[in-house]
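Fold and geometry: a report
Next come the chains, spelled out residue by residue.
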2 protein chains.
Amino acid sequence: MTADKIMEIALRHFARHGYEGASLADISAEVGIKKPSIYNHFKGKDELFLAVYRDAAARELRYVEDDLNPEDRSSSLKDRLYGFLIGYKERYEREENTKFFLRMSFFPPAHLLQETMSMANDSIDRIAAAVTEVFRPAADDGLIHPDVTVEHATGAYMAVLDSVFVEMLYGDHERTMMRLEAAWQVYWRGVKNN
Amino acid sequence: MTADKIMEIALRHFARHGYEGASLADISAEVGIKKPSIYNHFKGKDELFLAVYRDAAARELRYVEDDLNPEDRSSSLKDRLYGFLIGYKERYEREENTKFFLRMSFFPPAHLLQETMSMANDSIDRIAAAVTEVFRPAADDGLIHPDVTVEHATGAYMAVLDSVFVEMLYGDHERTMMRLEAAWQVYWRGVKNN
DNA sequence: TTAGTTAGCTAACGACCGTTAGGCAACGGG
DNA sequence: CCCGTTGCCTAACGGTCGTTAGCTAACTAA
């Protein structure tokens, strides 16, 4: 399907150049069609963008829910949480989908702010919910220090994840790893029970 | 000076619409001059942007070094660290300078990547150095848990600060405060001695 | 077989982009 | 006093933007 190919390539262009910086001419050229042919599949640039964003948000959520599946108890809480951080960092480096979703959630085109923000907030809340579902049984098992509520453990873990994003955006790989390690160790010291 | 006014207004437009989305026509109109008159003060859009970026980076660094001045021992380490987080959050909400600096450091115009990245990395390193100067004497006084190095305490604190940025970008004030509180409490539990 | 839909094309539109040329008044130092 | 500089202007440049009109060939359903 051509529409899928357009969306795939448009996603990469939006991710690298932003909404304004991505041009339909460049996108269509890479797809191998002429610019007006895009209009056989999408009403315009806005509709193309929103379709790409919707799909990207769904894919990010699916990845998180898969990777963080609370049914899977084969490894320890600590390993699962740390592994998820590392996994997401690698995913960002590998997947344009994640780059697109982060960039466009941070800085959406001004005239589409409402549509993007409602989708973004929805995704963030559901990601946080998936994290909470990991912590709750762990807290019941006494793995979390009693001074730390499940909500605090979740919020602080999401903060560590956010900080990983930021360091990746700055692009300094070495510093990213150092910060991740430091943030994780202090986080785990603050959350674990003895 | 007109040049200063141009830079001030350009900063706001770049912060809100990104490099590509900000137009010299809009900027000049708000300044109260015609578009070509900008060229009496700057060689072009690129030079204007780099001048604005340079100033913005310097202002951010100055704010951090002032607010985190290690000479000031009037309040406790805990209060100073927590206060700095809150202060920076409020600064972001108030100052377009911070919004501009964050946005353009995350996603600089592709053809100016080298110039911006070297300035950004320089600023980040110096900000981190200022934070380290707060922790070092505190560690000597035994306020930091012996299992946590000064480097780890600094890195993890910078991570908390990064996460505050992210939450602010998403724009949900209520969630920002909750995440900040959670991140801070877990961080402090992980770092403090006893 | 035929009518309708799909997906591509070329040509062109108006709007806006950053930028340059060139003119004109105000000002400041020799 | 004059001359060079500064700072604004109008007009216009070439280029790119997203978008529309209208044509054609290919497939699909009746």
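Computed from a predicted model, the values in this text were never measured in an experiment.

The next point concerns the layout of surface pockets. When its volume is computed, the largest pocket comes out at roughly 730 Å³. Forming the boundary of the largest pocket are 38 residues, of which Arg16(A), Arg103(A), Phe106(B), Phe107(B) and Pro108(B) lie nearest the centre. Every element with two or more residues in the lining of the largest pocket is listed here: α1 (2–21), α5 (96–106) and α7 (150–170) of chain A together with α1 (2–21), α5 (96–106) and α6 (113–140) of chain B. No other element matches α1(A), which puts seven residues into the lining of the largest pocket. Broken down by class, the residue content of the lining of the largest pocket amounts to 21 nonpolar, nine polar and eight charged.

A few words now on the interface of chain B and chain A. Contact residues are listed per partner, giving 38 residues for chain B and 40 residues for chain A. Summed over both partners, the interface of chain B with chain A buries about 3800 Å², with 65% contributed by carbon and sulfur atoms. Three residues stand out in chain B for area buried against chain A, namely Phe107(B), Tyr170(B) and Arg189(B), and they jointly supply 21% of the buried area on that side. Linking chain B to chain A there are six salt bridges.

Moving on, we come to the UniProt feature "domain: HTH tetR-type" (unreviewed entry) in chain A. If you check UniProt for "domain: HTH tetR-type" (unreviewed entry), the listed places come out as residues 1–60 of chain A in our numbering. Overall, residues 1–60 of chain A shows 73% helix and 0% strand. The separation of its end C-alpha atoms is 22 Å.

Right, let's get into the protein's contact with DNA strand C. Not every one of the 16 residues close to DNA strand C is listed here, only the nearest: Lys34(A), Ser37(A), Asn40(A), His41(A) and Tyr39(B). Of everything in DNA strand C that lies within 4 Å of the protein, sugar and phosphate atoms constitute 55%. Contacts to DNA strand C include His41(A), whose side-chain N or O atom sits 2.4 Å from a phosphate oxygen. Between a phosphate oxygen of DNA strand C and a side-chain N or O atom of Ser23(B), the distance comes to 3.2 Å. Across the surface near DNA strand C, the residue classes tally to seven nonpolar, six polar and three charged.

In this section: the relation of the copies chain B and chain A. Relating the two copies of this chain is a rotation about some axis coupled with a shift parallel to it. Note on the identical chains: chain B maps onto chain A by a rotation of 180° and an axial translation of 0.0 Å, with an RMSD of 0.1 Å. What the rotation and shift describe, once combined, is the action of a two-fold rotation axis. Minimal C-alpha distance to the rotation axis in chain B is attained by Gly190(B), lying at 1.9 Å. Both copies present the same face, since 100% of the interface residues in chain B are matched by interface residues at the equivalent positions in chain A.

What follows deals with α5(B). Burial analysis of α5(B) places 10 of its 11 residues in the buried class, which makes it a mostly covered element. Inspection of α5(B) places Glu96(B), Asn97(B), Thr98(B), Phe100(B), Phe101(B), Leu102(B), Arg103(B), Met104(B), Ser105(B) and Phe106(B) among the buried residues, and these make up the whole buried set.

Here Arg175(B) shows up in helix α8 (residues 173–191). The buried category is assigned to Arg175(B), whose relative accessible area is 9%. Looking at Arg175(B), its side chain comes within polar contact range of the side chain of Asn121(A), at 2.8 Å. Apart from residues no more than four positions distant in its own chain, Arg175(B) is found in contact with Asn121(A), Ile124(A), Asp125(A), Glu167(B) and Tyr170(B).

A word on the packing of helix α8 (residues 173–191) of chain A against α8(B). It is the contact of α8(A) with α8(B), at a shortest axis distance of 7 Å, that shows an interaxial angle of 90°. Relative to α8(B), the element α8(A) is oriented roughly perpendicular. In contact with Val186(A), Tyr187(A), Arg189(A), Gly190(A) and Val191(A) of α8(A), α8(B) contributes Val186(B), Tyr187(B), Arg189(B), Gly190(B) and Val191(B). Of the residues assigned to the contact of α8(A) with α8(B), the class counts are six nonpolar, two polar and two charged.

If you check the shell around DNA strand D, you find 16 residues, and the closest are Tyr39(A), Lys34(B), Ser37(B), Asn40(B) and His41(B). The sugar and phosphate moieties of DNA strand D supply 52% of its atoms located within 4 Å of the protein. At a separation of 2.9 Å, a base nitrogen of DNA strand D approaches a polar side-chain atom of Lys35(A).

Counting residues in hydrophobic clusters, the biggest one holds 90 residues, and the most contacted among them are Phe106(A), Tyr187(A), Phe106(B) and Tyr187(B). Contact partners of Tyr187(A), with chain neighbours within four places excluded, come to Phe135(A), Ala153(A), Ala156(A), Tyr157(A), Val160(A) and Val186(B). Counting residues in hydrophobic clusters, the runner-up holds 29 residues, among them Ile27(B), Phe49(B), Leu50(B) and Ala51(B).

This next bit is on the packing of helix α3 (residues 45–67) of chain B against α5(B). Residue and element names in this part refer to chain B. Contact geometry of α3 with α5 gives a least axis separation of 9 Å together with a crossing angle of 115°. Judged on the interaxial angle alone, α5 and α3 are roughly perpendicular. Regarding α3 and α5, the two cross each other, and that crossing is left-handed. Judged by residue contacts, Phe49, Val52, Tyr53, Ala56, Ala57, Arg59 and Glu60 of α3 engage Asn97, Thr98, Phe100, Phe101, Met104 and Ser105 from α5. Looking at the contact of α3 with α5 residue by residue, the classes come out as eight nonpolar, three polar and two charged.

What counts and what doesn't
Residues numbered from 1 in each chain as written. Chains lettered and ligands numbered in written order. Predicted model: local features only at pLDDT ≥ 70, side-chain atom pairs only at ≥ 80, totals over all residues. Heavy atoms only, no water. 1 Å grid on protein atoms, 1.4 Å probe; cavity = no way out; pocket = protein on both sides within 12 Å on 5 of 7 lines; lining within 4 Å. Points joined across faces, edges and corners; volume = space filled by probe spheres on them. Helix = DSSP H or I, 4+ residues; strand = E, 2+ residues; numbered from the N terminus. Nonpolar A, V, L, I, M, F, W, Y, C, P; charged D, E, K, R; others polar. Contact = heavy atoms within 4.5 Å. Buried area = accessible area lost by both parts, 1.4 Å probe. Salt bridge = Lys/Arg side-chain N within 4 Å of Asp/Glu carboxyl O. UniProt positions renumbered as here; feature names shortened; annotations may be inferred. Near = heavy atom within 4 Å. Polar contact = N/O pair within 3.5 Å; in protein donor to acceptor, adjacent residues only side chain to side chain. Least-squares fit on C-alpha atoms with pLDDT ≥ 70 in both. Buried < 20%, exposed > 50% of the residue type's maximum accessible area, 1.4 Å probe, protein only. Axes fitted to C-alpha atoms, helices over the stretch in contact; angles between N-to-C directions. Parallel < 35°, antiparallel > 145°, perpendicular 65-115°, else oblique. Core = buried A, V, L, I, M, F, W, Y, C linked by side-chain atoms within 4.5 Å. Left-handed = near helix turned anticlockwise from the far one by under 90°.

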